[in-house]
Amino acid sequence: MDVQPTLDEIEDRFVALVEGRLSRDDADRWAAHWVTKSDLVWDDLAWWAVDLLHGVDLPAGATGGFLHDDAQVLAWLHELRLRRAV
């Protein structure tokens, strides 16, 4: 049985992604595992954060790169930390 990730664990995934210790593909697959489970109950902030990770590897198009660049991912991490501090 899977244990739903805590907000700390979700934040840790963002940090690992920003630091280059976790690939975008791995972050997306990890998040996809959780967002597709219908029996979980999420608070708004945790759902927002895990949903952002799900899709973090979306391509920008034929030109290459990602739909959400590294600066955007870093901004999400900062926003997550700000929202947690409230």
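Look a little higher up for the structure.
Just so it is clear, the model here is predicted, and its values are computed rather than measured.

Thresholds applied
- Residues numbered from 1 in each chain as written.
- Predicted model: local features only at pLDDT ≥ 70, side-chain atom pairs only at ≥ 80, totals over all residues.
- Heavy atoms only, no water.
- Axes fitted to C-alpha atoms, helices over the stretch in contact; angles between N-to-C directions.
- Helix = DSSP H or I, 4+ residues; strand = E, 2+ residues; numbered from the N terminus.
- Parallel < 35°, antiparallel > 145°, perpendicular 65-115°, else oblique.
- Left-handed = near helix turned anticlockwise from the far one by under 90°.
- Contact = heavy atoms within 4.5 Å.
- Nonpolar A, V, L, I, M, F, W, Y, C, P; charged D, E, K, R; others polar.
- Buried < 20%, exposed > 50% of the residue type's maximum accessible area, 1.4 Å probe, protein only.
- Polar contact = N/O pair within 3.5 Å; in protein donor to acceptor, adjacent residues only side chain to side chain.

Turning to the packing of helix α1 (residues 7-18) against helix α3 (residues 44-53), a few remarks are in order. Axis separation between α1 and α3 bottoms out at 10 Å; the angle between their running directions is 30 degrees. Regarding the angle of α1 to α3, the classification is roughly parallel. The handedness of the crossing between α1 and α3 is left-handed. The residues of α3 that touch α1, namely those facing Leu7, Ile10, Arg13, Phe14 and Leu17, are Leu45, Ala46, Ala49, Val50, Leu52 and Leu53. For the contact of α1 with α3, the class distribution of residues is 10 nonpolar, no polar and 1 charged.

Counting through the fold element by element, Arg24 comes out in helix α2 (residues 24-35). By relative accessible area, which is 10% here, Arg24 ends up buried. Looking at Arg24, its side chain comes within polar contact range of the main-chain oxygen of Val56, at 2.7 Å. With sequence-adjacent residues up to four places away left out, Arg24 is seen in contact with Leu17, Val56, Asp57, Phe66, His68, Asp69, Asp70 and Val73.

This part covers the environment of Glu9. Among the secondary structure elements, Glu9 is positioned in helix α1. What makes Glu9 partly exposed here is its relative accessible area of 38%. Linking Glu9 and Arg84, residues 75 residues apart in sequence, is a C-alpha distance of 13 Å. Not counting residues within four places of it along the chain, the set of residues in contact with Glu9 comprises Gln4 and Trp30.

Moving on: α3. Within α3, 7 of the 10 residues are buried, leaving the element largely enclosed by the surrounding structure. Those residues of α3 lying buried are Leu45, Ala46, Trp48, Ala49, Val50, Leu52 and Leu53. In this structure, the buried side of α3 is in contact with α1, α2 and α4 (70-85). The N-capping residue of α3, defined by a side-chain oxygen 3.0 Å from the backbone nitrogen of Leu45, is Asp43. At the exit of α3 stands Gly55, carrying a positive phi of roughly 115 degrees.

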